[in-house]
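# Summary of the model geometry
If you want the building blocks of each chain, they are given just below.
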Amino acid sequence: MSKGTNKGAIDSQPEALNRLLHSEADKLSGVDRRRFIKNAAVFSSAVVAGSAMASSNLPPNTPEWTKKLGLPVNTHPYGQPSPYVAEKIVRRRVPWLTPDAIASISFTPLADIKGIITPNGLVFERDHAGVPTINPDEHRLMIHGLVERPIIFTMEDLMRFPSESRIHFLECPANGGMEIKGPQMGRLQFTHGMNSCCEWTGVPLRYLLEEVGVKPEGKWILAEGADGAAMSRSIPIEKALDDSLVVYAQNGEPLRPENGFPIRLFNPGWEGNTMIKWLRRLEVGDKPYYQREETSKYTDLLYPRREDYKDRYGKAYIFSMEMEAKSVVTFPCPEKPLKGKGKYILEGLAWSGKGRIKAVDVSFDGGVTWQTAQLKGLVLPKAWTRFALPFNWNGEKLLVQSRAIDETGYVQPTYKQMRDARGTHFIYHNNAIHTWMVKESGEVDSVQIFEKG
Amino acid sequence: MLAGTALALAGLLSACQAEIDAQPQAQKPVTDKAAEKAVESTGSPYRSLKVDIAGISVGKPATPEEIAGWDIDVRPDGHGWPDGSGTPAQGEGLYDEKCASCHGTFGEGEGAWPKLAGGIGTIKTGSPEKTVGSYWPYASTLLDYVHRAMPFPSPHSLSWDEAWAISAYVLYLNEIITDEDFVLSKETFASVHMPNEDGFIPDMRPDTPQERCMKDCVDPSKIEIKVALLGYCSGAEDCIDNGASGKEKPDPAQLVGKKVYESACKLCHEGGLGGAPKLGDVDEWRKRAEKGMDTLIKHAIEGFQGEAGVMPPKGGQTQLSDEDVAAAVRYMVEQSQ
């Protein structure tokens, strides 16, 4: 934002802001409108900052917005965030990560998410050929292969089946992939933001498989999307019959286009890549299909440093689909520094693809000593779980870490343990303990801890 | 593609050593045994409908013709191998026309787009170069994917003959097929074997055994802190740099400039997109540097209409601070002398 852009607006008064944002912006469209709102938001924060000293909106004065009528109901039929946060709490991309913006990824702003539900507009997206615009009336799900009765379902057909709603995390296995060789991304949004958690509603896949009648030799299912990439993965029949869903809603509304509208596969606790968006076809087969996204990509090439893993050297895990337990501190973090000495409540998120989070430990000294945090709110299987820990800060340097333990007893590993097991040439399934360094200023850097010697 | 690109593009810039300071005071260890116990003792938190779904479906039977139109997968074992055929010689022209602009004339990959050829034998060495030839276990995946998703800008536009021919040419670039007139088809496909076919093993996780240690877990004197992005080296012996530079302690300001260049400027200034002066083009940068560094930085921040093209304000990356942009300009000038 260049300084010149805002100067014209600086003379305006705060009460003009609402009018501007709500009436002028509505006359604009597309890029112009976004730019306008963005400028206005920057301007508004300048006004807010200035008003701390001499605002007529602070006690004992009556605020401007209290002395007049507000906007009519349904001004925005779908609703939208306050202009004071619009364009601040948003998904972001890292342009240099991918060669273009179509086969690319956006990141969820984890530092600003509250509770365990990610709003639909902030759920990260990974697309392999862009987001298709699909007419649901002309979209079909075909199930065929080793089945008694190949069937084509309309979207209405699917909604006749009993539905289930489940709160589950959805994480790209490349989340944190940039950190495997060493610390690289400087913000929580980019170190951990290929992750989200929603309430997903749809049909258990086992009902659909019951309907078509899977033959005894049917062991794997190819799931395929209707996007340009016809994204495809092989899913073992055991998972499909266990807890896989064909979902059509997230957080109560139809799926967003970038999350698979009108339907996607959902495999709770597994890597996001298996949860084929824009699902059009399920083929039951006797073997996996060895698609590009499960051979060339989404496999884990290993160069273990451990002697007992030497036979894995130069080999790659294939069909490594479960997401192991992981956690991260969301406050403090680079986006949310400490502001002055005093008492704070550390917060974070933990999740496991194997089930519930049982406990989360926190260290302030880089992993030398640990204490157990409190779990907050709902503790659900294969879902984000909040943890918190009050602490006093006297301005010293901190090395803040969190370590998740799930109900199977699995303990989140250190980077050293992970690199000893897999080397540094793998890309997916980084679930190592992350470190934030709180500096004396209260600012927070993303760091990694290596052991000397 | 995603994270591999990230690792390739972004040099890890710094490391530093720091001492561990005093612990935050007055922290009371909190135990949550009751909560842990509650977690252990519960079943599913969800209640499912108990319902017999017999008779509930209104789906219609899929006809063989409908299935044939969508059933495009090709498996290693012969399942789904399509009619048609192609030779490397037939594939070369198609490849040059439809593939080379991203993947390179010889499969070497343009910019950050995937490399298709070469690297055979590197997977077992610890310095892997992943390509179709070096890493992919099955040729069927190549045929499937070329037909399924390529060319990137116009997916689902290739006939099976074209997909066979392009696949044959990519195998030829990898010297997996050596005869340019080899007819790749379902009759010959089983004879093609990829070098890394035995390179995959089942998921062995959990593979990171970890105790829930609570105190004295690490020797504090051995802790070494490496900072992401804009930090800098302060004497640590093994600064991680992802091989981007030598062992010399880099100048922090230059690190910032390089990082910003990599993330914001490279897209245009590496290849000269839209008339942008290329990094390392001494003549083009000298012409601009003659205006003075301050002017150059001002143009980069505010935007500039030049003779060769337009420099958008901050290259369109308006989230960058003025200082970051200035550092990137200085870096590009220094690299172009």
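For the structure itself, consult the block above.
Description of the structure in this document.

Thresholds, definitions, all that
Residues numbered from 1 in each chain as written. Chains lettered and ligands numbered in written order. Predicted model: local features only at pLDDT ≥ 70, side-chain atom pairs only at ≥ 80, totals over all residues. Heavy atoms only, no water. Helix = DSSP H or I, 4+ residues; strand = E, 2+ residues; numbered from the N terminus. Buried < 20%, exposed > 50% of the residue type's maximum accessible area, 1.4 Å probe, protein only. Contact = heavy atoms within 4.5 Å. Areas by Shrake-Rupley, 256 points an atom, 1.4 Å probe, with all protein chains shown as cover. Pairing = 2+ DSSP bridges. Salt bridge = Lys/Arg side-chain N within 4 Å of Asp/Glu carboxyl O. Axes fitted to C-alpha atoms, helices over the stretch in contact; angles between N-to-C directions. Parallel < 35°, antiparallel > 145°, perpendicular 65-115°, else oblique. Nonpolar A, V, L, I, M, F, W, Y, C, P; charged D, E, K, R; others polar. Disulfide = S-S within 2.5 Å. Expected span 1.5 Å × (residues − 1). Buried area = accessible area lost by both parts, 1.4 Å probe. Polar contact = N/O pair within 3.5 Å; in protein donor to acceptor, adjacent residues only side chain to side chain.

What chain B contains, in helices and strands, is 12 helices and 7 strands. Looking at the 337 residues of chain B, the share that counts as buried comes to 43%. Within chain B, residue pairs in contact and separated by at least 24 positions form 60% of the contacts whose partners lie at least 6 positions apart. Of the roughly 17,300 Å² of accessible surface on chain B, a fraction of 53% belongs to carbon and sulfur atoms.

Another aspect to go through is the pairing of strand S13 (residues 326-331) of chain A. Residue and element names in this part refer to chain A. Buried residues dominate S13, accounting for 5 of its 6 residues. Pairing of S13 with strand S14 (residues 342-351) involves 5 bridges; the strand directions are antiparallel. Looking at S14, one finds that valine 328 is bridged to leucine 349.

Below, the discussion takes up the pattern of salt bridges. Applying the stated criterion to the full structure yields 47 salt bridges over all chains. Here lysine 336 of chain A makes a salt bridge to aspartate 112 of chain A, at a shortest N to O gap of 2.7 Å. Here lysine 336 of chain A, found in the loop between S13 and S14, pairs with aspartate 112 of chain A, found in the loop between helix H3 (30-54) and strand S1 (141-145); they are 224 residues apart in sequence, far enough to count as distant. What makes aspartate 112 of chain A partly exposed here is its relative accessible area of 27%. For the salt bridge of glutamate 347 of chain A with lysine 376 of chain A, the shortest nitrogen-to-oxygen distance reads 2.6 Å. Residue glutamate 347 of chain A is found in strand S14, and its partner lysine 376 of chain A is found in strand S17 (residues 374-376); the two are separated by 29 residues along the sequence. Residue glutamate 347 of chain A is classed as buried on the basis of its relative accessible area of 18%. Because the salt bridges share partners, they merge into one network encompassing Glu224, Arg280, Arg281 and Glu283 of chain A together with Asp71, Asp73, Asp144 and Arg148 of chain B.

Residues and elements named next belong to chain B. Packing of helix H4 (residues 88-98) against helix H8 (residues 160-173) leaves a shortest axis separation of 7 Å and a crossing angle of 95°. The angle between H4 and H8 places the two elements in the roughly perpendicular class. The residues of H8 that touch H4, namely those facing Pro88, Gln90, Gly91, Glu92, Leu94, Tyr95 and Lys98, are Glu162, Ala165, Ile166, Ala168, Tyr169, Val170, Tyr172 and Leu173. By residue class, the composition of the contact of H4 with H8 is 10 nonpolar, 2 polar and 3 charged.

This part covers the sheet that holds strand S5 (residues 223-227) of chain B. Consider a sheet: its strands pair through backbone hydrogen bonds, and that pairing is either parallel or antiparallel. Spatially, the 6 strands line up as an open sheet ordered S16(A)-S15(A)-S19(A)-S20(A)-S21(A)-S5(B), and their pairing is antiparallel. Of all the strands in the sheet, just strand S16 (371-372) of chain A together with S5 of chain B have a single pairing partner and so form its edges. The pairing of strand S21 (residues 444-451) of chain A with S5 of chain B spans 5 bridges and is antiparallel. Bridging across to S5 of chain B, valine 447 of chain A finds its partner in valine 227 of chain B.

This part takes up the state of the cysteines. Residues and elements named next belong to chain B. With the rule as written, the count across this model stands at 1 disulfide over all chains. At a sulfur-sulfur separation of 2.1 Å, the disulfide partner of cysteine 213 is cysteine 217. The sign of the S-S torsion, about -100°, decides the handedness of the disulfide formed by cysteine 213 and cysteine 217: left-handed. The exposure class of cysteine 213 is partly exposed, given its relative accessible area of 25%. Take cysteine 217: its relative accessible area is 27%, and that puts it in the partly exposed class.

As a further point, take unusual backbone geometry. Residues and elements named next belong to chain A. Looking along the chain, the bond that leaves proline 59 and enters proline 60 is cis, with omega of 10°. Position of proline 60 relative to the elements: it lies in the loop between H3 and S1. Despite not being glycine, tyrosine 298 shows a phi value in the positive range, around 60°. Counting through the fold element by element, tyrosine 298 comes out in the loop between strand S10 (279-285) and strand S11 (300-301). You will see that histidine 429, though not glycine, has its phi angle at about 65°, which is positive. For histidine 429, the position within the fold is in the loop between helix H8 (415-422) and strand S20 (435-438).

Right, let's talk about H8 of chain B for a bit. All names here are of chain B. Helix length check: H8, at 14 residues, gives a terminal C-alpha distance of 20 Å against a target of 20 Å (1.5 Å per residue), a fit within 8%. Of all the positions in H8, only Ala163, Trp164, Ala165, Ile166, Ser167, Ala168, Tyr169, Val170, Leu171 and Leu173 are classed as buried. Residues of H8 that are buried make contact with strand S2 (85-86), H4, helix H6 (132-135), helix H7 (139-149) and strand S3 (184-185). Looking one or two residues beyond H8, the residue adopting positive phi is glutamate 175, at roughly 60°.

Attention now moves to the interface of chain A and chain B. Taken residue by residue, the interface counts 139 residues in chain A and 116 residues in chain B. In total, chain A and chain B occlude about 11,100 Å² of area from one another, counting both sides; carbon and sulfur atoms represent 58% of this. A per-residue breakdown of the area chain A buries against chain B is headed by Trp96, Arg292 and Lys452 of chain A, which together make up 7% of the total. Measuring nitrogen to oxygen at the nearest pair gives 2.8 Å for the salt bridge that ties glutamate 224 of chain A to arginine 148 of chain B. Our count for the contact surface shared by chain A and chain B stands at 43 residue pairs in polar contact (both at pLDDT 80 or more). A total of 7 residues in the side of chain A that touches chain B trace back to one element, the largest contributor, which is S21 of chain A. Among the residues making up the side of chain A that touches chain B, the classes are represented as 66 nonpolar, 32 polar and 41 charged. Pairing of strand S12 (residues 316-318) of chain A with strand S4 (residues 200-202) of chain B involves 3 bridges; the strand directions are parallel. What sits directly across from isoleucine 318 of chain A, in S4 of chain B, is proline 202 of chain B.

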